[in-house]
Amino acid sequence: MAIKDEIRAVRAAFVPLTIYERFEYVVILVLTALISIVVIAAVWTLSLKILFGLVLSGGVDPADYSVFQAVFGMIFTVIIALEFKKSLLVATQPGGGVVQIGAVVLIALLAICRKFIILDLSKTDAPQIFALAAAALTLGVVYWMVRARDESVPKNG
């Protein structure tokens, strides 16, 4: 779709909205732009760290667990930001609503997965690991329930 067509589509969607809905729409668009900038900066930084820190310097062993933790922690941070941006874009669609429960639960689950990856087991006690595991299990069940509910609700149109 050309940029002119996208602008035309945004204007067409914007016209029938109330003042408050327009306010929400503008806030979501601003947040989406800001998150896009953060994602671009994070991917750029991650690329530079991998390229110069791992590949070109040769001084860092990629098989080292701490390097693995750092790299995949940064990758998960980018994935979380992208999922957050996607949930905001869904909110701009007609009937999207501002808060999508499934997206919020998925983002929280991704954040806990990231925490598990960057967790230093030598400095973490058993109750903290148990709490993270319980939170991941609970969020997984909630996500499954929300998805099952969404699939059972008939779509309009």
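See above for the structure.
Residues numbered from 1 in each chain as written. Predicted model: local features only at pLDDT ≥ 70, side-chain atom pairs only at ≥ 80, totals over all residues. Heavy atoms only, no water.

## Quick word on the packing of aromatic side chains
Under the definition given, this model contains one aromatic pair. Consider the rings of Y20 and F23, whose centres lie 6.0 Å apart with planes at 40 degrees: the pair is tilted. Separated by three residues within a single helix, Y20 and F23 lie in helix 2 (residues 19-56), roughly one turn from each other. A single burial state applies to Y20 and to F23, both of which are exposed. (Phe/Tyr/Trp six-rings, centres within 6.5 Å; stacked < 30°, edge-to-face > 60°. Helix = DSSP H or I, 4+ residues; strand = E, 2+ residues; numbered from the N terminus. Buried < 20%, exposed > 50% of the residue type's maximum accessible area, 1.4 Å probe, protein only.)

## Examining the nonpolar core
Core analysis: the biggest nonpolar cluster contains seven residues, these being I28, I35, V39, V78, A81, L88 and A91. It is helix 3 (residues 65-92) that contributes the most residues to this core, four residues altogether. The contact partners of L88, leaving out residues within four places of it in the chain, are I28, L31, T32 and I35. Membership of the second largest hydrophobic core comes to five residues, among which are V105, L109, I112 and L139. (Core = buried A, V, L, I, M, F, W, Y, C linked by side-chain atoms within 4.5 Å. Contact = heavy atoms within 4.5 Å.)

## Some thoughts on the side chain of K85
With respect to the helices and strands, K85 occurs in helix 3. Buried charge without a partner: K85 forms no salt bridge, and the closest opposite charge is E83, 10 Å away. Not counting residues within four places of it along the chain, the set of residues in contact with K85 comprises T32, I35 and S36. (Lys, Arg positive; Asp, Glu negative; His and termini not counted. Salt bridge = Lys/Arg side-chain N within 4 Å of Asp/Glu carboxyl O.)

## So, the pattern of salt bridges
By the definition in use, this model includes two salt bridges. Of the charged contacts, one joins D120 and K123 as a salt bridge, the two residues approaching to 4.0 Å between their closest N and O atoms. A residue is classified by how much of its surface remains accessible, and D120, at 33% relative accessible area, is partly exposed. Among the residues examined, K123 registers a relative accessible area of 71% and is labelled exposed.

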